[in-house]
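Spelled out from the first residue to the last, the chains are:
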Amino acid sequence: MQTAVKIEEYLQEVEESLGNEFQRKALDTFAVAYRTGRANAFTGMDVKGLIEEIAQAKDDGIRRMDELYRQFKQKAESMGVHVHLAETAEEANRIIARIAKDNDCKKVIKAKSMTAEETHLNNHLEAEGLKVVESDLGEWIIQMRGEGPSHMVMPAIHLSRYQVADLFAGVTKKEQDPDIQKLVKVARRELRKEYVEADMGISGSNFAVVETGTIGLVTNEGNARLATTLPRVHVALVGLEKLTPTLHDALRILRALPRNATGQQITSYVTWITGPNECKSAPDNKKVMHVVFLDNGRKKLAKDKDFAQILRCIRCGACANVCPVYRLVGGHKYGHVYIGAIGLIMTYFFHGKDKAKFLVQNCVNCGACKEVCAAGIDLPRLIKEIHAMIQDEDGHPAQSKLMGMVLKNRTLFHTLLKNMRWAQKPFAERDGQYIRHLPTVFMKEKDQDFRKLPTIADKAFRDEWKSIKPKVVNPTLRVALFSGCVQDFVYPEQMKAAVKIIASTGTVELDYPMQQSCCGLPVNMMGEKQAAVEVARQNVQAFDPSRYDYIMTMCASCASHLKHGYPKLLENETALASKVAQFADKIIDFSSLIHDVLQISSMKFNHSGKRIGYHAPCHLCRGLEVREAPREAINMAHDYVPTSEEEVCCGFGGSYSMKFPAISKTLLAKKMANLEAGDISAVATDCPGCVMHIRGGMKAAGKDIEVKHVAELLAERLR
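Residues numbered from 1 in each chain as written. Predicted model: local features only at pLDDT ≥ 70, side-chain atom pairs only at ≥ 80, totals over all residues. Heavy atoms only, no water.

A. Just the overall build of the protein, in detail. Scanning the protein for helices and strands turns up 35 helices and 18 strands. Relative to the compact-globule value of 27 Å for 719 residues, the protein shows a C-alpha radius of gyration of 28 Å, a close match. With the C-alpha coordinates of the protein rotated into their principal frame, the extents come out at 95 × 60 × 55 Å. Within the protein, the proportion of its 719 residues that are buried is 59%. For the protein, long-range pairs separated by at least 24 residues make up 78% of all intrachain contacts whose partners lie at least 6 apart in sequence. Roughly 30,000 Å² of accessible area belongs to the protein as shown, and the carbon and sulfur atoms make up 51% of that amount. (Helix = DSSP H or I, 4+ residues; strand = E, 2+ residues; numbered from the N terminus. Rg over C-alpha atoms; globule rule 2.2 N^0.38 Å. Buried < 20%, exposed > 50% of the residue type's maximum accessible area, 1.4 Å probe, protein only. Contact = heavy atoms within 4.5 Å. Areas by Shrake-Rupley, 256 points an atom, 1.4 Å probe, with all protein chains shown as cover.)

As structure tokens, then:
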């Protein structure tokens, strides 16, 4: 009962964040500009190649963490640097407080450091009687507000200049002009004396270069240089994962870091510190320098075959920049200390499951974070792994456990779906195509007002297959159909449209294995990993991939899960290994099959001249990297019209839209507004879930824009 109250509290906090109009507008504006800025910054570069190089280099460093630490310590100490290793956050804080006490320090000036945020260093030092001042502009602002950062790179992005002006007025005791340049001058003036008066400067580090014993800092404001040079004592707090063998390795990361973080080709300041520098206020004119390396679970993580990859993170914050959920609710509700997709994972390891348990559920699984990650971290999958681990530890919710039990039993699942045709009748609208309202046991009345949900079809696709299966005399290709549960039982007309188009070539033999079931993604999203494994096993066994050239599915989510999710879910199924690999290799989406493989031409269609928009399903454009095929397919029979943010998630996410309806509703409203602004008569997409969500939203809003699968819009124009 206590858990239910807590999730309700988190949902309430999320809804309150949605009401913060300035924050939403600021994050919205940045998200749109960021995509263009990042693309421009990486122009002419082999981005995938660079990401692969970074991932390999980081993985090598992670495997050699202990060795690299010993080498760095030996090199740095030979130059007069004191090097420490803290096993926990508390130990790191104690070491730094002791350094301050031993050197009679009273005042600390800090450069921006996410590692210091991780250990809550400021709180500890202040409790020890030290005055701590943040020198990064954003960090200084949130320090005075008593807040944590809302972004790893831009900690005060959630605040307006008017809020900052009011805050500075309190500091200076006089009214301040909200002009940004004037506010920066106020900050510069107020902070200048803090640098001069500080006894100790504390920084983080982007790199700890082993071959030279150097720490590297990447900043935009120059404050880190002042904080590390003016005070007589300098302490760098560094995560062990920042150890890198050579300067070359660091420079390789530096090529990606500013581009991925803010769309800059290079930041304003890159500072390298090798040994203690001269300092007139220090004994013997030599600065006292300490480097405190933080473990806090990193050594254990480095040995985990799944989660070691999170230590690759270069702290660019890009996973937040592209996240549709972060864009709506901000970092204070989409992280604990670390923000964005990586923060959802790190929170579990660095701050415990109680801080992470609701955060990891608030992932729509759109894959935008994985696509943009400069270190190639499989963020969406790891978030779901954490979700499953927490449920294994704390117990699985009854609803998701029941769903898992049902999906594992294909016969039971299909029987329930068929029987729902009759059970839904009292709740269906007159046209029989939409549910008028759901029983409150499934969803609260207020949560479902933003879309209409479809009814179960009168006849499932599998029940029609025998009568509609095309007869082909001399086939050149054999293709198996994977329908998934939605196109089998809710939208069989989509599957029939695809069959009609493929059959028109007269060269493809189609097959529909009857033992197939739901792909299992819904239960995987719910954290029911074992159920997802069992469903995956059943589906692989239902097909004989050696008999087919391709296994085609019209659902982007199914396709991505079958192709990329199944090999990972079934990695321990050694007896099925070759079959799983063959199965995954033959998965193809509908648009790629007809456009790239069958090369169907526009000559097969009567062109309508209608303006058709397109919504790119997340798991098609990012999961499968299919972008051109569906748009070119639409153009064969209609006029494809580009609309704004086609590749931004519509907010469906399967069960996500039921668990986080307020976010889902807001994402859907944005999607519909962008489509409507395109002056189109219909919108096409390659995912039945997206069809369900967007069509239901259009219906609820009284919009007359049709929403159909690409196959349907083509089939109706087939000559």
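B. Expanded view of a negative patch on the surface. A surface patch of like charges, here negative, comprises Glu9, Glu13, Glu15 and Glu16. Structurally, Glu15 is set in helix H1 (residues 2–18). Since its relative accessible area comes to 39%, Glu15 is described here as partly exposed. (Patch = residues over 30% accessible without salt bridge, like charges linked within 9 Å, V, L, I, M, F, W, Y side chains within 5 Å. Salt bridge = Lys/Arg side-chain N within 4 Å of Asp/Glu carboxyl O. Lys, Arg positive; Asp, Glu negative; His and termini not counted. Charge placed at Lys NZ, Arg CZ, Asp CG, Glu CD.)

C. Seen up close, the nonpolar core. If you look at the biggest cluster of nonpolar residues, it comprises 218 residues, and the most contacted ones within it are Phe72, Phe293, Met552, Phe590, Ile594, Ile663 and Leu714. Sequence-distant contacts of Phe293, that is, excluding residues within four places in its chain, are made with Tyr69, Phe72, Val83, His84, Leu85, Ala86, Ala208, Val238, Gly239, Leu240 and Leu243. Counting residues in each nonpolar core, the second largest holds 22 residues, with Ile99, Ala100, Leu125 and Ile202 among its members. (Core = buried A, V, L, I, M, F, W, Y, C linked by side-chain atoms within 4.5 Å.)

D. View of the sheet that holds strand S12 (residues 508–511). Taken together, four strands build an open sheet; the order of strands is S12-S11-S13-S14 and the sheet is parallel. Of all the strands in the sheet, the pair left with one neighbour each is S12 and strand S14 (587–589). Across the sheet, the axes of successive neighbouring strands diverge by a mean angle of 35°, strand direction being ignored. Helix H27 (residues 556–569) contacts strand S11 (477–482), strand S13 (550–553) and S14 of the sheet and is inclined by roughly 160° relative to S14. This element, helix H29 (residues 590–597), spans S11, S13 and S14 of the sheet and lies at about 85° to S14. (Pairing = 2+ DSSP bridges. Axes fitted to C-alpha atoms, helices over the stretch in contact; angles between N-to-C directions.)

E. The arrangement of the sheet that holds strand S15 (residues 611–614) in detail. Pairing is parallel across the open sheet formed by four strands, whose spatial order is S16-S15-S17-S18. In this open sheet, the two edge strands, each paired with only one partner strand, are strand S16 (639–640) and strand S18 (706–709). Relative to S16, S15 runs parallel, the two being bridged by two bridges. In the strand pairing of S16, Arg611 is matched with Asp639. Lying on the sheet, helix H31 (residues 628–637) is in contact with S15, S16 and strand S17 (682–685); it crosses S15 at an angle near 165°.

F. Structural context of the packing of aromatic side chains. Overall, the coordinates contain 17 aromatic pairs when judged by the stated rule. With 5.8 Å between their ring centres and 20° between their planes, Phe207 and Trp272 make a pair best called stacked. Of the two residues, Phe207 sits in strand S5 (residues 207–209) while Trp272 sits in strand S9 (residues 269–274), which places them 65 residues apart along the sequence. Given a relative accessible area of 2%, Phe207 falls into the buried group. On the basis of an interplanar angle of 45° and a centroid distance of 6.1 Å, the ring pair of Trp465 and Tyr512 is categorised as tilted. (Phe/Tyr/Trp six-rings, centres within 6.5 Å; stacked < 30°, edge-to-face > 60°.)

G. A look at the side chain of Thr228. Within the element layout of this structure, Thr228 appears in helix H11 (residues 223–229). Among the residues examined, Thr228 registers a relative accessible area of 2% and is labelled buried. A distance of 2.7 Å separates the side chain of Thr228 from the backbone oxygen of Ala224, its partner in a polar contact. Sequence-distant contacts of Thr228, defined by excluding residues within four places in its chain, comprise Ser203, Leu217, His234, Ile273, Asn277 and Lys287. (Polar contact = N/O pair within 3.5 Å; in protein donor to acceptor, adjacent residues only side chain to side chain.)

H. Spatial organisation of helix H10 (residues 180–197). Helix length check: H10 (18 residues) gives 27 Å between terminal C-alpha atoms against 26 Å at 1.5 Å per residue, within 8%. If you check which residues of H10 are buried, you get Leu183, Val186, Ala187, Glu190, Leu191, Glu194 and Tyr195. The elements touched by buried residues of H10 are strand S2 (107–110), strand S3 (131–134), helix H8 (137–145), helix H9 (161–172) and H11. For H10, the N-terminal capping position is held by Asp179, with its side-chain oxygen 3.2 Å away from the main-chain nitrogen of Gln181. (Expected span 1.5 Å × (residues − 1).)

I. Structural context of the environment of Val486. One can find Val486 in helix H23 (residues 484–489). For Val486, a relative accessible area of 21% translates into the label partly exposed. Between the alpha carbons of Val486 and His351 there is a distance of 39 Å; along the sequence they are 135 residues apart. The residues touching Val486, leaving out its near neighbours within four places in the chain, are Tyr491, Pro688 and Met692.

J. Up close: the pairing of S2. Going residue by residue along S2, you find Lys107 and Ile109 tucked away on one face and Val108 and Lys110 tucked away on the opposite face as well. As paired elements, S2 and S3 share four bridges and run parallel to each other. For Lys110, the partnering residue across the bridge sits in S3 and is Glu134. In this sheet, strand S4 (residues 200–203) lies alongside S2 in parallel orientation, the contact comprising three bridges. In the strand pairing of S4, Ile109 is matched with Gly201.

K. Layout of unusual backbone geometry. Even without a glycine there, the phi angle at Arg315 is positive, about 60°. Overall, the relative accessible area of 10% leaves Arg315 in the buried class. Even without being a glycine, Glu645 presents a positive backbone phi close to 50°. Positionally, Glu645 belongs in the loop between S16 and helix H32 (656–659).

L. Spotlight on the side chain of Arg259. By the secondary structure assignment, Arg259 is in helix H12 (residues 247–262). Excluding anything up to four places from it in sequence, Arg259 contacts Arg38, Ala41, Phe42, Met45, Gln264 and Gln265.

M. Molecular detail of the pattern of salt bridges. Counting across every chain of the model gives 51 salt bridges. A salt bridge links Lys106 to Asp104; its shortest N-O distance comes to 3.5 Å. With a relative accessible area of 48%, Asp104 lands in the partly exposed category. Among the salt bridges present, the one from Asp394 reaches Lys353, with a minimum N-O distance of 2.6 Å. One end of the pair, Asp394, is in helix H19 (residues 379–394); the other, Lys353, is in helix H17 (residues 353–356), with 41 residues separating them in the sequence. Asp394 gets classed as partly exposed once you look at its relative accessible area, which sits at 37%.

N. Local environment of the packing of helix H2 (residues 21–41) against H12. Taken N-terminus to C-terminus, the directions of H2 and H12 make an angle of 150°; their axes are 7 Å apart at the nearest point. Relative to H12, the element H2 is oriented roughly antiparallel. Residues Phe30, Tyr34, Arg38 and Ala41 of H2 pack against Arg259, Asn260, Ala261 and Thr262 of H12. Residue classes in the contact of H2 with H12 are distributed as four nonpolar, two polar and two charged. (Parallel < 35°, antiparallel > 145°, perpendicular 65-115°, else oblique. Nonpolar A, V, L, I, M, F, W, Y, C, P; charged D, E, K, R; others polar.)

O. Examining the state of the cysteines more closely. Under the defined criterion, the tally for this structure stands at zero disulfides. Its sulfur unpaired, Cys519 is 3.8 Å from the next cysteine sulfur, which belongs to Cys558. Looking at the unpaired Cys558, the closest cysteine sulfur is the one in Cys555, lying at 3.5 Å. (Disulfide = S-S within 2.5 Å.)

All quantities given are derived from atomic positions and should not be read as evidence of function.
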